[in-house]
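Take a look at the letters that make up each chain.
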Amino acid sequence: MTVPGESPASAKLDWAGLDLYRFFAFVFSSPSRERFATLAQPGLKNSLADLWQQLRCAGDFPDFAWFKSYQEYEATYIALFDVGVPQPPVPLFESAHDKTRPAQEIALENTWFYDALGLKWDSSCAVPDYLITQLEFLAAVHYTLENAQDSATMRSLAKLETDFLTRHMLNWIPTADKKLSGVSPCGFTRLISLLAAFLQNRRDELSKVCLPAVTATTESKRYRN
């Protein structure tokens, strides 16, 4: 991820022109040197503070120190999200945080949503309720919505995005945010708090153009059919 026309040392992200679904999918994906270089930019902390204000988060943006080396960044990511007994402290899967339904049911309902847009997830790379899979789906919905040509299609896509945010993303990201805040004060903690705030703000924004909400049972049937 680069910012055209600016050096890495001074880069300031243009949030208005950036798809935040894709931004958060980028920063929470498995460690890479490209991600580390992007997140280690000195100007990023100020950009994140600006986003904190734009999302109307309470108080000042909490300070944090980013990782001093790629090895520290990679090890922290693995320790927080990938490795642990019986599981990592904060797994990046919806079913790891929602214990009210079987994991298979959660995964299947995610798949129904993807099917509604004609999308298929790659079972060789991830599972349906993985954070990155969910964010990439929402990025596709957002892109399609932004390019819709008629109001009926726009309302339908806005409803699809709103329902997925409500039934899935906001079903577990706030919980993961609280868990991570209790485990580590690192940069990932700030990023997941920003993600939770963005998802809530996005749902509120979409509610202005959505049709009246339907019941959860009706919604599940609609995406299953």
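Source: prediction; values computed, not measured.

1. Things to note about the confidence of the model for the protein chain
For the protein chain, the mean per-residue pLDDT works out to 84, and 85% of the residues sit at or above 70. Note that residues 1–10 has pLDDT below 50 and, in this model, 13 contacts with residues that lie over four places away or in other chains.

2. Considering the packing of aromatic side chains
What the rule picks out here adds up to 25 aromatic pairs. Where tyrosine 114 meets phenylalanine 137, the ring centres are 4.9 Å apart and the plane angle is 55 degrees; that geometry is what we call tilted. Of this pair, tyrosine 114 sits in helix α5 (residues 103–116) while phenylalanine 137 sits in helix α6 (residues 131–146), placing them 23 residues apart in sequence. Note on phenylalanine 137: relative accessible area 3%, which makes it buried. An angle of 65 degrees between the planes, with centres 4.8 Å apart, marks the rings of phenylalanine 137 and phenylalanine 164 as edge-to-face.

3. Observations regarding the environment of lysine 45
Along the polypeptide, lysine 45 turns up in helix α3 (residues 44–54). Since its relative accessible area comes to 31%, lysine 45 is described here as partly exposed. The contact partners of lysine 45, leaving out residues within four places of it in the chain, are Phe61, Asp63 and Phe64. Separated by 2.5 Å, the side chain of lysine 45 and the backbone oxygen of phenylalanine 64 make a polar contact.

Cut-offs applied
- Residues numbered from 1 in each chain as written.
- Predicted model: local features only at pLDDT ≥ 70, side-chain atom pairs only at ≥ 80, totals over all residues.
- Heavy atoms only, no water.
- pLDDT = per-residue confidence, 0-100.
- Contact = heavy atoms within 4.5 Å.
- Phe/Tyr/Trp six-rings, centres within 6.5 Å; stacked < 30°, edge-to-face > 60°.
- Helix = DSSP H or I, 4+ residues; strand = E, 2+ residues; numbered from the N terminus.
- Buried < 20%, exposed > 50% of the residue type's maximum accessible area, 1.4 Å probe, protein only.
- Polar contact = N/O pair within 3.5 Å; in protein donor to acceptor, adjacent residues only side chain to side chain.

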